[in-house]
Amino acid sequence: VQLQASGGGLVQAGGSLRVSCEGHGVAFSKEAIGWYRQVPGKRRELVAHISRDGTKNYADSVKGRFAISRDNAKNTVNLRMDSLKPEDTAVYYCNWARMINRGNYENFWGQGTLVTVSS
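This structure is a prediction, so every number in the text was calculated from the model and none was measured. (Residues numbered from 1 in each chain as written. Predicted model: local features only at pLDDT ≥ 70, side-chain atom pairs only at ≥ 80, totals over all residues. Heavy atoms only, no water.)

Looking at the packing of aromatic side chains
Point 1. Under the defined criterion, the tally for this structure stands at three aromatic pairs.
Point 2. Here tyrosine 36 and tryptophan 109 contribute two aromatic rings whose centre-to-centre distance is 5.0 Å and whose plane-to-plane angle is 70°, an arrangement assigned as edge-to-face. Of this pair, tyrosine 36 sits in strand S4 (residues 33-38) while tryptophan 109 sits in strand S10 (residues 104-109), and the two are 73 residues apart along the sequence.
Point 3. Given a relative accessible area of 35%, tryptophan 109 falls into the partly exposed group. (Phe/Tyr/Trp six-rings, centres within 6.5 Å; stacked < 30°, edge-to-face > 60°. Helix = DSSP H or I, 4+ residues; strand = E, 2+ residues; numbered from the N terminus. Buried < 20%, exposed > 50% of the residue type's maximum accessible area, 1.4 Å probe, protein only.)

Right under this line is the structure:
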């Protein structure tokens, strides 16, 4: 299994970016996928999540600005980020938590893609 993240970059405050996570060895259409972000010295935080049935959830800090979506044809989960702020600067990671049995999961992470928002 491999998750491949792409699409980060440098953007000015107020701008937009899209990051994408492509799954290899896993069918994203059948799985719950999350996007996380991390800045140096801080814990990795969940930004957006799409469940198996398509339910979407967002961190309060990004609600109304970020949108997670699934492209089954490309086997990707994308995160559209609008109205970006300098505090959105982080390395963004996609995640699939494969259930081993009830309460036990194996985590798979993409390699991370850097998003930098300049003020």
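A few points about the state of the cysteines
Point 1. Summed over the entire model, instances satisfying the criterion amount to one disulfide.
Point 2. Residue cysteine 21 pairs covalently with cysteine 94 via a disulfide, S to S 2.1 Å. Given an S-S torsion of about 65°, the disulfide between cysteine 21 and cysteine 94 has right-handed geometry. Taken together, the positions of cysteine 21 in strand S3 (residues 17-24) and cysteine 94 in strand S9 (residues 90-101) put the pair 73 residues apart, joining distant regions of the chain. Both residues of the pair, cysteine 21 and cysteine 94, belong to the buried class. (Disulfide = S-S within 2.5 Å.)

Observations regarding the nonpolar core
If you look at soluble globular proteins, the nonpolar side chains tend to sit buried side by side.
Point 1. Of all hydrophobic cores here, the largest spans 28 residues; its most connected members are Leu3, Trp35, Phe66, Leu79, Met81 and Tyr92.
Point 2. Listing elements by their share of this core, those giving two or more residues are strand S1 (2-6), S3, S4, strand S5 (45-50), strand S7 (66-71), strand S8 (76-81), S9 and strand S11 (113-118).
Point 3. At four residues, S9 tops the list of elements feeding residues into this core. (Core = buried A, V, L, I, M, F, W, Y, C linked by side-chain atoms within 4.5 Å.)

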